[in-house]
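Commentary on secondary and tertiary structure
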Amino acid sequence: MESVEILMCIDKSGSMGPQASTVVDQFNNFIAKQKEIPGECYVTIWQFNSKVDKVEFRTPLGRINYLSYWPNGGTALYDAVGNMINYMGKVYAEMPVPPKKVIMVIITDGYENSSLEFRTPESVQKLVDHQKDKYSWEFIFLGSGIDAAKEGNAIGVINTFSVPEGAIGTRQIYDITNSAVLQYRQTGSINYKDIDNE
């Protein structure tokens, strides 16, 4: 089984404050379920509000224990996604054997309002398209209380999921993420019709 790289780009803007404990609980449940599946897997986590924070860098799945999460600020969605793609793309390009299986999960509950480097969705879409077309990265966009299809498609992500605001939606986000990542790790592809979004 080939090694898998999981890239998590997680919104921690102020609007996520009421769901902070639910996010932590659901993220930790997601990691626990992933640990049950054999196979080499590395996890990189970035969180974003008005700025972007690098939380974990290619940490072996078995060493991920707890998510520190303190929401505040705005939503620099484009900067987070664009910079994470550029950063990890350069990391992989410098590896003797670049990973063949990379999945990037983008989670947000709001609309872009704070980016300073990537100011348009088209600027991010170019990067998403490049990684999909040349390196076969898989992308998933999950939005709570927003039109995830509209926002995800604008940056080039076709596989999108919209969920309600609040704790129920947060649980759905991590259930969907778990199902998609498990499929990808086990088969190298994702049948999105099999993923329940109800």
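In short, a report on the structure. Note that residues are indexed from 1 along each chain, following the sequence as it is written. At least 70 in pLDDT is required for a residue's local features to be given in this predicted model, at least 80 for side-chain atom pairs to be given and counted, and no such filter applies to totals for whole chains, interfaces and linings, which use all residues. Note: side-chain values were computed over all heavy atoms of the structure, leaving out hydrogens and water.

1. A closer look at the packing of helix H2 (residues 77–93) against helix H3 (residues 121–135)
- Put simply, H2 and H3 touch, their axes get as near as 9 Å, and they point 30° apart. Considering only the axes of H2 and H3, their crossing is left-handed. On H3, the residues that touch Tyr78, Val81, Gly82, Ile85, Asn86 and Gly89 of H2 are Pro121, Val124, Leu127, Val128 and Gln131. To get an axis, fit a line to the C-alpha atoms, keeping to the stretch in contact for a helix; angles then go from 0 to 180 degrees between the N-to-C directions. Comment: elements are numbered from the N terminus, with helices defined as DSSP H or I runs of at least four residues and strands as E runs of at least two. We call a crossing left-handed when the near helix sits turned anticlockwise from the far one by less than a right angle, and right-handed when that turn is clockwise. For this analysis, residues touch if any pair of their heavy atoms sits within 4.5 Å.

2. Some words on the packing of aromatic side chains
- Only the six-membered ring of Trp is used, alongside the rings of Phe and Tyr, when aromatic pairs are assigned; centres must lie within 6.5 Å, and planes under 30 degrees apart are stacked while those over 60 apart are edge-to-face, with the rest tilted. Under the definition given, this model contains seven aromatic pairs.
- Among the aromatic residues, those joined into a cluster by ring pairs are Phe27, Phe30 and Tyr174.
- In this scheme, Lys NZ or Arg CZ marks a charge over a ring once it lies within 6 Å of the ring centre and within 35 degrees of the ring normal. Taking the ring centre of Tyr87 as reference, the NZ or CZ of Lys54 above it sits at 5.2 Å.
- Over the ring of Tyr42 we find Arg58; its NZ or CZ atom is 4.5 Å from the centre of that ring.

3. As for the nonpolar core
- Residues grouped as a nonpolar core are buried Ala, Val, Leu, Ile, Met, Phe, Trp, Tyr and Cys residues, joined through side-chain atoms within 4.5 Å. Residue exposure (1.4 Å probe, protein chains only): buried if accessible area is under 20% of the type maximum, exposed if over 50%, otherwise partly exposed. Grouped together as the largest cluster of nonpolar side chains are 34 residues, with contacts concentrated most on Met8, Phe27, Ile103 and Tyr174.
- Elements supplying a minimum of two residues to this core: strand E1 (4–11), helix H1 (20–35), strand E2 (41–48), strand E4 (102–108), strand E5 (138–144), strand E6 (160–163) and helix H5 (167–187).
- Membership of the second largest hydrophobic core comes to 27 residues, among which are Trp46, Met88, Val91 and Met104.

4. Re unusual backbone geometry
- Residue Arg58 is not a glycine yet carries a positive backbone phi of 45°.
- Take Arg58: its relative accessible area is 21%, and that puts it in the partly exposed class.
- One non-glycine residue, Ser136, lies in positive phi territory at about 60°.
- Mapped onto the elements, Ser136 comes out in the loop between H3 and E5.

5. Some details on H2
- By definition here, a helix of n residues has an expected span of 1.5 Å times n minus one. With 17 residues, H2 extends 24 Å between its outermost C-alpha atoms, agreeing within 8% with the 24 Å of an ideal straight helix rising 1.5 Å per residue.
- Counted residue by residue, H2 has twelve buried out of 17 residues, so it is predominantly covered.
- All of the buried residues in H2 are Leu77, Tyr78, Asp79, Ala80, Val81, Gly82, Met84, Ile85, Met88, Gly89, Val91 and Tyr92.
- Its buried side turned inward, H2 meets E1, E2, strand E3 (52–60), E4, H3 and E5.

6. Observations regarding H3
- For H3, with 15 residues, the first-to-last C-alpha span of 21 Å sits near the 21 Å given by 1.5 Å per residue.
- Within H3 the residues assigned to the buried category are Pro121, Val124, Leu127, Val128 and Gln131. Each buried residue of H3 lies within a common arc of 130° when the element is viewed along its axis, so the set occupies one face. More than 90 degrees from the buried face of H3, the exposed residues found are Lys126, Asp133 and Lys134.
- In this fold, the buried residues of H3 make contact with H2, E5 and helix H4 (148–154).
- Ser136 lies just past H3 and shows a positive phi near 60°. This arc is built from the directions going out from the helix axis to the C-beta atoms.

7. Details of the pairing of E3
- Sheet analysis places E2 next to E3, joined by six bridges and oriented antiparallel. Paired with Tyr42 across the bridge in E3 is Pro60.
- A pair of strands counts as paired when DSSP detects no fewer than two bridges linking them. Connecting the antiparallel pair E2 and E3 is a turn made up of three residues.

8. Examining the environment of Gly74
- Inspection of the secondary structure assignment puts Gly74 in the loop between E3 and H2.
- With a relative accessible area of 13%, Gly74 lands in the buried category.
- For the pair Gly74 and Asn49, spaced 25 residues apart in sequence, the C-alpha to C-alpha distance is 4.9 Å.
- Once residues within four sequence positions are removed from consideration, Gly74 is found in contact with Ser13, Asn49, Ser50, Asn113 and Ser114.

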